[in-house]
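# Structure assessment
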Amino acid sequence: MTPPADASLLNPVELFMAADWVVKTVMVGLVVASVWSWTIIIGKVASYTKMNRSATEFEQLVESGRSLEEAAAAAGPQPADPLPRMLQITLQDWKEARQRGPLTDSQGQALIGRIDRALDSVIARESQKIENGLGVLSVVATASPFIGLFGTVWGIMNAFDRIAAMGNTNLTTVAPAIAEALFATAIGLAAAIPAYMAFNAFSVSAGKYTARLEAFADDLQAALARRLAGPATPPPPPPPPSDSLNLRRGS
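Residues numbered from 1 in each chain as written. Predicted model: local features only at pLDDT ≥ 70, side-chain atom pairs only at ≥ 80, totals over all residues. Heavy atoms only, no water.

### Comments concerning the overall build of the protein chain
- Of the regular secondary structure elements, the protein chain holds seven helices and zero strands.
- When each of the 251 residues of the protein chain is scored for burial, the buried share is 34%.
- The long-range fraction of contacts in the protein chain, counting pairs at least 24 apart against all pairs at least 6 apart in sequence, stands at 75%.
- On the protein chain, roughly 14,400 Å² of surface is accessible, and the fraction owed to carbon and sulfur atoms is 64%. (Helix = DSSP H or I, 4+ residues; strand = E, 2+ residues; numbered from the N terminus. Buried < 20%, exposed > 50% of the residue type's maximum accessible area, 1.4 Å probe, protein only. Contact = heavy atoms within 4.5 Å. Areas by Shrake-Rupley, 256 points an atom, 1.4 Å probe, with all protein chains shown as cover.)

Okay, here's the thing in structure tokens:
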């Protein structure tokens, strides 16, 4: 009858302590990767929640009927969020162009092109900023299972060494080495699965936020184009100020 294996060797701490330095290195590396990915995940959840809430509040402010000048002023002189920055850039260029007198068609198109490039630059920088850290999650998600598998293979090799050294294949001989090998695989999966799920979720969220910025930029450019084109019919009195913008369609 095969004697039972020591149950203490199946304890995670005992498995780590009993493993050789290669498997220990694999386990420590995977734990560090898991902690790193969870730090990024928690930080991204907080930052994505904050930036979407701020964007929603500003969009509601713009759509509340207040003028864009009032909405831009309410955001402060140097807003941290991209939507008010985009609005301030548009208003600043528009006012500077109007101060030089009436615009010709070519000057109006040049103004729209200049604002378009400025807004694209803001969107590009914001997209890069919100995607920071996603590369780490991608590496952890893709590499952790293979690193854990390396630890598994090394642990199984240790099991074969014990079989050769002791000259028997009973469970007491091979159980500890196989357990530490499978434990390395478990740590690899524990690091990879959350990182993979978070990477996909954050990639989708980043894409949606970038599309939100692009839609706001399109609305700003459309409002500017309508103002440059002028009203199709004389507006009812009192006429709107010639240097104001409005995002509402048809205005």
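### A closer look at helix α4 (residues 82-99)
- Between its terminal C-alpha atoms α4 stretches 26 Å, which fits the 26 Å expected from 18 residues at 1.5 Å a residue.
- Taken residue by residue, α4 has Pro 82, Leu 83, Pro 84, Met 86, Leu 87, Thr 90, Leu 91, Asp 93, Trp 94 and Ala 97 as its buried positions. (Expected span 1.5 Å × (residues − 1).)

### Notes on the packing of helix α2 (residues 21-62) against helix α6 (residues 134-166)
- Packing of α2 against α6 brings their axes to within 9 Å, and their N-to-C directions diverge by 160 degrees. Here α2 lies roughly antiparallel to α6, going by the angle between them. The element α2 and its partner α6 pack so that their crossing is left-handed. Across the interface between the two elements, Val 22, Val 23, Val 26, Leu 30, Ala 33, Trp 36, Ser 37, Ile 40, Ile 41 and Tyr 48 of α2 pack against Leu 134, Val 136, Leu 137, Val 140, Ser 144, Ile 147, Gly 148, Phe 150, Gly 151, Trp 154, Gly 155 and Asn 158 of α6. (Axes fitted to C-alpha atoms, helices over the stretch in contact; angles between N-to-C directions. Parallel < 35°, antiparallel > 145°, perpendicular 65-115°, else oblique. Left-handed = near helix turned anticlockwise from the far one by under 90°.)

### Side note on the pattern of salt bridges
- This structure, assessed with the given rule, holds three salt bridges.
- Residue Glu 59 is joined to Arg 212 by a salt bridge in which the shortest nitrogen-to-oxygen separation is 2.9 Å. In this pair, Glu 59 is assigned in helix α2 and Arg 212 in helix α7 (residues 171-229), connecting sequence segments 153 residues apart.
- For Arg 212, a relative accessible area of 22% puts it in the partly exposed group.
- Sharing partners across several salt bridges, the network here consists of Arg 85, Glu 126 and Lys 129. (Salt bridge = Lys/Arg side-chain N within 4 Å of Asp/Glu carboxyl O.)

### With respect to the packing of aromatic side chains
- A full pass over the atoms with the stated rule returns three aromatic pairs.
- A ring pair is formed by Phe 150 and Trp 154, whose centres lie 6.0 Å apart and whose planes are at 40 degrees; its orientation type is tilted. One end of the pair, Phe 150, and the other, Trp 154, are both in helix α6, four residues apart, so they sit about a helical turn from each other.
- Given a relative accessible area of 44%, Phe 150 falls into the partly exposed group. (Phe/Tyr/Trp six-rings, centres within 6.5 Å; stacked < 30°, edge-to-face > 60°.)

### Comments concerning the side chain of Thr 90
- Looking at the element boundaries, Thr 90 is found in helix α4.
- A polar contact of 3.0 Å, which involves the side chain of Thr 90, links it to the backbone oxygen of Met 86. (Polar contact = N/O pair within 3.5 Å; in protein donor to acceptor, adjacent residues only side chain to side chain.)

### Describing the environment of Gly 43
- Positionally, Gly 43 belongs in helix α2.
- As for Gly 43 and Gly 133, which are separated by 90 residues in sequence, their C-alpha atoms are 9.6 Å apart.

### Description of the packing of α4 against helix α5 (residues 105-130)
- With their axes 10 Å apart at the nearest point, α4 and α5 run at an angle of 160 degrees to one another. Here α4 is positioned roughly antiparallel relative to α5, judged by the angle of their axes. Both α4 and α5 take part in a crossing whose hand is right-handed. Side by side, α4 and α5 meet where Pro 82, Arg 85, Met 86, Ile 89, Thr 90, Asp 93, Trp 94 and Ala 97 of the first sit next to Leu 111, Arg 114, Ile 115, Ala 118, Leu 119, Val 122, Ile 123 and Glu 126 of the second.
- Looking at the contact of α4 with α5, its residues break down into 11 nonpolar, one polar and four charged. (Nonpolar A, V, L, I, M, F, W, Y, C, P; charged D, E, K, R; others polar.)

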